Amino acid sequence: MKKIELLAPAGSIETLKYAVSYGADAVYLGVPDFSLRARINKFDEKSIKEAVEYAHKHKKKVYVTLNIYAHNRHISMIEKHLKFLRPLGIDGVIVSDPGIINLVKKHLPKVDIHLSTQANATNWQAVKFWRDMGVKRIILAREVTLSEIREIRKKVKNIELEYFVH
């Protein structure tokens, strides 16, 4: 069995530092325009850069949320943001929208793609589909039961599964 990764949300530099101090292996964060945690998110591009540097200095991972369902008006802004993220060395992106997945593959081809819980992956066929599309980790829907997770694991290999625990 692989080591379990403790992943914590970071809505600001301050909360990122708390998460790192209290043992998180990784954090997720994003700018309000592209993150579904917009109301509690205080990041901008400057602070994302600072956050990645801080986390990596402490040997922690950073996943950037791009988990909105994009409309046409978002596409050029997302591409610009992906170009900003490229030199930062982020460890992964958390995405819901298939179009954004295509943009990530184009602009950040070496960055791991994680499917957001917002995409509602609730069964092994969906997990298999997303794996085959190049997604490395599936953040399962919160409604999925432990027995369903076991079945997904049994039927779909070579995919990381993530689940919210409170």
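See above for the structure.
Novice: It is not clear to me how the sheet that holds strand β5 (residues 112-115) should be interpreted in this structure. Could you clarify?
Specialist: Pairing between sheet strands relies on hydrogen bonds along the backbone, with the strands arranged either parallel or antiparallel. In space, the 7 strands of this open sheet follow the order β1-β2-β3-β4-β5-β6-β7, with parallel pairing throughout. In this open sheet, the two strands that pair with only one neighbour each are β1 (7-9) and β7 (160-162). On average, each strand axis in the sheet is inclined to that of its neighbour by 25 degrees, with strand direction left out of account. With 4 bridges connecting them, strand β4 (residues 92-95) and β5 associate as parallel partners.

Novice: Just checking my understanding: could you explain the packing of aromatic side chains for this structure?
Specialist: Working definition: an aromatic ring pair is given by the centre-to-centre distance plus the angle between the planes. The full count for this structure, using the stated rule, is 1 aromatic pair. Seen from their ring centres, Phe129 and Trp130 are 5.0 Å apart, and the 80 degrees between their planes marks the pair as edge-to-face. A relative accessible area of 13% places Trp130 in the buried class. Of note, Lys17 hangs over the ring of Tyr54, and the distance from its end group to the ring centre comes to 5.2 Å. Here Arg142 stacks its cationic end above the ring of Phe164, 4.0 Å away from the centre of that ring.

Novice: Explain the layout of surface pockets here, please?
Specialist: With a probe scaled to a water molecule rolled over the atoms, the places where space remains empty come into view. The space that makes up the largest pocket amounts to roughly 1200 Å³. Lining the largest pocket are 32 residues; nearest its centre among them are Ile4, Glu5, Leu161, Glu162 and Tyr163. For the lining of the largest pocket, the secondary-structure elements that each account for two or more residues are β1, β3 (61-66), β5, α6 (146-155) and β7. Considered class by class, the residues forming the lining of the largest pocket number 16 nonpolar, 3 polar and 13 charged.

Novice: Just to check I follow, could you spell out the pattern of salt bridges for this structure?
Specialist: Opposite charge on two side chains permits pairing when their charged atoms draw close. Counted under the stated rule, the structure contains 11 salt bridges. In this structure, the salt-bridge partner of Lys49 is Glu53, at a minimum N-O distance of 2.7 Å. With Lys49 and Glu53 both in helix α2 (residues 45-57) and 4 residues apart, the pair spans about one turn of that helix. What makes Lys49 partly exposed here is its relative accessible area of 39%. Across the pair Lys128 and Asp132 runs a salt bridge, and its minimum N-O distance is 3.2 Å.

Conventions and cut-offs
- Residues numbered from 1 in each chain as written.
- Predicted model: local features only at pLDDT ≥ 70, side-chain atom pairs only at ≥ 80, totals over all residues.
- Heavy atoms only, no water.
- Pairing = 2+ DSSP bridges.
- Helix = DSSP H or I, 4+ residues; strand = E, 2+ residues; numbered from the N terminus.
- Axes fitted to C-alpha atoms, helices over the stretch in contact; angles between N-to-C directions.
- Phe/Tyr/Trp six-rings, centres within 6.5 Å; stacked < 30°, edge-to-face > 60°.
- Buried < 20%, exposed > 50% of the residue type's maximum accessible area, 1.4 Å probe, protein only.
- Lys NZ or Arg CZ within 6 Å of the ring centre and 35° of its normal.
- 1 Å grid on protein atoms, 1.4 Å probe; cavity = no way out; pocket = protein on both sides within 12 Å on 5 of 7 lines; lining within 4 Å.
- Points joined across faces, edges and corners; volume = space filled by probe spheres on them.
- Nonpolar A, V, L, I, M, F, W, Y, C, P; charged D, E, K, R; others polar.
- Salt bridge = Lys/Arg side-chain N within 4 Å of Asp/Glu carboxyl O.

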